[in-house]
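Residues per chain are reported as follows:
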2 protein chains.
Amino acid sequence: MKLPLIAVLLVGLSPVVYSTNIIYMLMDDMGWADLGVYGQPAKETPNLDKMAAEGLLLPDFYSANPLCSPSRAALLTGRLPIRNGFYTTNEHARNAYTPQDIVGGIPDDEVLFPELLQKAGYKTKIIGKWHLGQQPQFHPLKHGFDEWFGAPNCHFGPYDNKKTPNIPVYKNANMAGRYYEQFKIDHQTGESNLTQLYIQEALDFINESITADKPFFLYWTPDATHDPLYASKPFLGTSQRGLYGDAVRELDSGVGIILQTLQTLNVDKDTLVIFSSDNGGALYAAVNGGSNAPFLCGKETTFEGGMREPTIAWWPGTIKPNQVSHQLGSLMDWFTTALAVADIPVPHDRLIDGINLLPALVNNTIVDRTIFYYRGDEMMAARNGLYKAHYWTWTNSIEEFKRGVDFCRGEQVNNVTTHDQMNHTMDPVIFHLGRDPGEKYPLKKGSKEYSEAFQLVDPIVQEHKSKVKPGEPQLNYCDRAVMNWAPTGCRQLNNCLPVPASDKKLCTWVH
Amino acid sequence: MKLPLIAVLLVGLSPVVYSTNIIYMLMDDMGWADLGVYGQPAKETPNLDKMAAEGLLLPDFYSANPLCSPSRAALLTGRLPIRNGFYTTNEHARNAYTPQDIVGGIPDDEVLFPELLQKAGYKTKIIGKWHLGQQPQFHPLKHGFDEWFGAPNCHFGPYDNKKTPNIPVYKNANMAGRYYEQFKIDHQTGESNLTQLYIQEALDFINESITADKPFFLYWTPDATHDPLYASKPFLGTSQRGLYGDAVRELDSGVGIILQTLQTLNVDKDTLVIFSSDNGGALYAAVNGGSNAPFLCGKETTFEGGMREPTIAWWPGTIKPNQVSHQLGSLMDWFTTALAVADIPVPHDRLIDGINLLPALVNNTIVDRTIFYYRGDEMMAARNGLYKAHYWTWTNSIEEFKRGVDFCRGEQVNNVTTHDQMNHTMDPVIFHLGRDPGEKYPLKKGSKEYSEAFQLVDPIVQEHKSKVKPGEPQLNYCDRAVMNWAPTGCRQLNNCLPVPASDKKLCTWVH
């Protein structure tokens, strides 16, 4: 291919343009109202509140799913889980994720935005939980990341390494140890230094990237607020909120340290930093969970408490301080936005659900868009403007509820927080989220407002449903043989375990 | 009395020391989470959020009662309603207030802090709702205020002026008109210019006081957020939250205008401004009520949603910006604090429940204290530190609940949001409000933490209960004859109505 003269001249004469760095801080099971700036009464997040005061608050921001794996797959692919395969068809409308025995993971033909950033010259790293599949072919270094420090799964355990292996923690392509072995989490005290490791890794990566004079993308995904909760010793017992609050305080401190480092290194004006969470606070975790404050229910549900995320954008000099944007946003938008920031074209060979948020971030303009709330293979609800229509409602089964699993602790709205999967597709339950963010007062069917809201949302929903082409579901099969018995690098650590025979079967997804 | 020489010298030689002005902004039925800074998702209170950023946020601040009249009586007297008489003994633990036919009101032997400020040379004014009794002897000009613009009762109506007279609006000692007659509120559109009148009156009063070179106390009590809601035309339809939000936006605008005026007049550094509300958001008002966000239930209840108030203190130069204080505060504290600000001794001839908050405001120090949650004649609950013990629980009667009156819309916590008055005095229901601000997870009876929390709170409660001497209840009797048939000044307006014969009887208090 012949380059046009101007390009040759530019390449020949111009210094390389230093692109904007991107840091994406994705919290785990943190609720919308866990931040002081979003209303947590203990007001224990001074660094995040300062980040918001220096940047833009996005109170109408959503996950693409009320559970971690699909949410993270949507973030990185810019596509709904129903398209990128992060769902199950084993049963209707059930949440699925990537436990240790999951066979599937992020498909090779999905394009993750770090892949595109990497190709454009970015140094890329993930620090923390991955959750897009735990077999080697699904690992971050195969999907756009130069470096990795963290784990493919949740930090559940400790396991006995016989029936179930402890989860490995990777340093790039090789395992560096396992949770509860080399990487301790003390369930008795809640003590673990993992968040400190994740903070230090972030600082090292930022420093190295700047030294290498390369733009960087850091995907910072600490998981201290996911059950089992943990915090390092200096933070234990410091919160009004118990161990959950200790974990939040440590993460807040980490955010402060990272932003301060960007300022000290004088790259704050060249760095877009996003803070958000993967799904709503886990209300079933009793007092040890996050807060979704005004919103109904929590994690695992498609009510606002399950999918509205505490989101802040920070980019000094480009994003003006003290802004609030009511742009309806989705984690998927960061795919498109990251590409826009790096001046990389959006792939045209597939449907991307995310939109470019730069106009909202920089000029506080708002574009019309619809948020679709999926649970497994079902579009449960949709929001346009301030109206949200529930086409299906479900919390969890009555059997599970009776065993004490409650995704809507202490809350009950008739015909809404149902324990049967209720089909409202002919006449959805509609809320005005401005007057009624808590989804407590359905619009009266037959009223003028109901009819107008229905006419607003329903055609968009029907269009969406008629055109969506579900991807191959990745979360249907489980197999003990794929568990982390012998992760790459286990030999050097003398920590390989015997792999059992394959026993592939449909996974059981209970809610 | 002979003055000591030093006093004579001081009087003779010193210029009058200009004391600190005090503005107390008390909202009506506004919820803890109605402000952006306290977590309202629409983020529609930029002026209040700015006030908080320039001053001190008090997230652990309480009313003395979950209903307006007793709450306001407690604020002005510094004493619990059980002491100052603002309660009823007609039935156990029932809320009472000052409707139009109430016979009682603020007793003459109660000392209101505006009386003491007035004696010390302050110019004092109330603008808005009074609610401490509606017979003339209970009016503000008899109890410490130089001036009044507003009404003795809620703006309920319109009435027919036959069975029930419309509520008068007073300009000082004389009625200036009546609601729905000279002072319009349009129930169809929600339009009324009352808040604009209250804002203008505030500006006039501030200007006049400064011109007169007198320190001032302004008690600003607009009631636009109390049902029936209203806002002036420029604010109608501007909120995401409907008419309630329109009212909040107009009040927020008023706060901004008043603070800006203080700055323009260069008295901001000489003025302590407090913002708070009289009780929690009214959840039974369906979508037209305030938000108590993380807290359980609302107005009329002694759960956190009924009594935790959105409170801000602002005093540039004295209160540092961007502060948060977790001092447990009560509306009653402003009695003692106002006297401290004006350097007036606290009366020693009676028990004052309020404490001096100046150390908290100025130095962010915290003193140990207990919050008592009363409903009518019963101490329902008490908080010390982060523990709250419910000795009685009640929302409202099951009969009322079945008719659709729900003080805890969509919320239900077993053994807590009870529809019978449940006596837990032998083993209170205890919550840790740090981990569980929503009062959803009672501590397990028999656990170590329960026992320790009980040992912390119960001795204080027993001491309080054994020593409290209930004042003469003022809210037991009602009489049609005392209604606003012929308010002072009605003759000049040609608006006197015939007074019916007296028919004094026990008032009916349903919840």
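Up top is the structure these notes are about.
First, a word on what this report is: a plain description of the structure on this page.

**Focus: empty space enclosed by the protein**
All told, the structure shown has 9 cavities of 30 Å³ or more when counted by the stated rule. Every residue lining the largest cavity is counted, 38 residues in all, and those nearest its centre are A:A293, A:P294, A:E411, B:A293 and B:P294. Class assignment for the residues of the lining of the largest cavity results in 14 nonpolar, 14 polar and 10 charged.

**Quick notes on the sheet that holds strand β13 (residues 370–375) of chain A**
All names here are of chain A. Spatially, β13-β14-β15-β18 is the arrangement adopted by the 4 strands of the open sheet, whose pairing is antiparallel. Where the open sheet ends on each side, the last strands, each with one partner, are β13 and β18 (429–432). Direction aside, the axes of adjacent strands within the sheet are offset by 20° on average. Looking at chain direction, strand β15 (residues 387–390) and β18 are connected through 4 bridges and run antiparallel.

**Topic: the interface of chain A and chain B**
Facing the 36 residues of chain A at the interface are 36 residues of chain B. For the pair chain A and chain B, the two sides together bury roughly 2,800 Å², of which 60% comes from carbon and sulfur. In terms of surface lost to chain B, no three residues of chain A exceed A:P41, A:Q240 and A:Y441, which account for 23% of the buried area on that side. Our count for the contact surface shared by chain A and chain B stands at 0 salt bridges. Remark: the boundary between chain A and chain B carries 13 residue pairs in polar contact (both at pLDDT 80 or more). Among the residues making up the side of chain A that touches chain B, the classes are represented as 18 nonpolar, 10 polar and 8 charged.

**Some thoughts on the relation of the copies chain A and chain B**
Superposing the two chain copies requires a rotation about an axis and a translation along that axis. Once turned by 180° and shifted 0.0 Å along the axis, chain A lies on chain B with an RMSD of 0.0 Å. Considering both components of the superposition, the chain copies are consistent with a two-fold axis. Rotation axis and chain A: the residue whose C-alpha lies nearest the axis is A:G39, separated from it by 1.8 Å. Of the residues that chain A buries at the interface, 100% are likewise interface residues in chain B, meaning the two copies contact each other through the same surface.

**What to know about the environment of B:Y441**
Topologically, B:Y441 is positioned in the loop between β18 (429–432) and α12 (448–467). Distance in space between the C-alpha atoms of B:Y441 and B:V429 is 9.6 Å, their sequence separation being 12 residues. Excluding residues within four positions of it along the chain, B:Y441 makes contact with A:L283, A:A286, A:V287, A:R409, B:I430, B:F431 and B:D436. At 3.0 Å, the side chain of B:Y441 and the backbone oxygen of A:L283 are in polar contact. There is a polar contact of 3.4 Å between the side chain of B:Y441 and the side chain of A:R409.

Scoring rules and cut-offs
- Residues numbered from 1 in each chain as written.
- Chains lettered and ligands numbered in written order.
- Predicted model: local features only at pLDDT ≥ 70, side-chain atom pairs only at ≥ 80, totals over all residues.
- Heavy atoms only, no water.
- 1 Å grid on protein atoms, 1.4 Å probe; cavity = no way out; pocket = protein on both sides within 12 Å on 5 of 7 lines; lining within 4 Å.
- Points joined across faces, edges and corners; volume = space filled by probe spheres on them.
- Nonpolar A, V, L, I, M, F, W, Y, C, P; charged D, E, K, R; others polar.
- Pairing = 2+ DSSP bridges.
- Helix = DSSP H or I, 4+ residues; strand = E, 2+ residues; numbered from the N terminus.
- Axes fitted to C-alpha atoms, helices over the stretch in contact; angles between N-to-C directions.
- Contact = heavy atoms within 4.5 Å.
- Buried area = accessible area lost by both parts, 1.4 Å probe.
- Salt bridge = Lys/Arg side-chain N within 4 Å of Asp/Glu carboxyl O.
- Polar contact = N/O pair within 3.5 Å; in protein donor to acceptor, adjacent residues only side chain to side chain.
- Least-squares fit on C-alpha atoms with pLDDT ≥ 70 in both.

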